[in-house]
Amino acid sequence: MSTHSSFRVPFWLGGCVLAAVALFFLWGEHHAHILATLTYALLLLCPLMHLFMHRGHGPHHPDQANMKGHPHGGA
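What comes next is a walk through the structure. (Residues numbered from 1 in each chain as written. Predicted model: local features only at pLDDT ≥ 70, side-chain atom pairs only at ≥ 80, totals over all residues. Heavy atoms only, no water.)

**Observations concerning the overall build of the chain**
Thinking step 1. Along its length, the chain carries one helix and zero strands.
Thinking step 2. Relative to its 75 residues, the chain shows a buried fraction of 1%.
Thinking step 3. For the chain, the exposed surface amounts to about 7,400 Å²; the carbon and sulfur share of it is 71%. (Helix = DSSP H or I, 4+ residues; strand = E, 2+ residues; numbered from the N terminus. Buried < 20%, exposed > 50% of the residue type's maximum accessible area, 1.4 Å probe, protein only. Areas by Shrake-Rupley, 256 points an atom, 1.4 Å probe, with all protein chains shown as cover.)

Laid out in structure tokens, this is it:
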């Protein structure tokens, strides 16, 4: 029997600490560049949000609701 217990840090916790330190130094040296690219990141996310947010809300035209096999209308 071994009474020696070793302290083990989970891998994900070590990765989070490493990422936090890297982000701290990245922000310290390049905060102007990071803030400038956030505008472009928001513009690039708009088409993706449009693509994923328009799922499952039904057809755009009333005549499309009568289509057979359509999940939101028809018999």
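On we go from here.
**Here's the deal with a nonpolar patch on the surface**
Thinking step 1. A surface patch of nonpolar side chains, amounting to about 940 Å² of accessible area, comprises Phe7, Val9, Trp12, Leu13, Val17, Val21, Phe24 and Phe25.
Thinking step 2. Inspection of the secondary structure assignment puts Phe7 in the segment before helix H1 (11–53).
Thinking step 3. Accessibility expressed as a relative area gives 77% for Phe7, which makes it exposed. (Patch = residues over 30% accessible without salt bridge, like charges linked within 9 Å, V, L, I, M, F, W, Y side chains within 5 Å. Salt bridge = Lys/Arg side-chain N within 4 Å of Asp/Glu carboxyl O.)

**Here we look at the packing of aromatic side chains**
Thinking step 1. One pass over the structure, following the stated rule, counts one aromatic pair.
Thinking step 2. Between Phe24 and Phe25, the ring centres sit 5.3 Å apart and the planes meet at 75°, which makes this aromatic pair edge-to-face. With respect to class, Phe24 is no different from Phe25; both count as exposed. (Phe/Tyr/Trp six-rings, centres within 6.5 Å; stacked < 30°, edge-to-face > 60°.)

**Structural notes on H1**
Thinking step 1. An ideal rise of 1.5 Å per residue puts 63 Å on 43 residues; H1 reaches only 34 Å between its terminal C-alpha atoms.
Thinking step 2. By the largest-angle criterion, His30 marks the main kink of H1, which is about 90°. (Expected span 1.5 Å × (residues − 1). Bend = angle between axes of the 7 residues up to and from the residue.)

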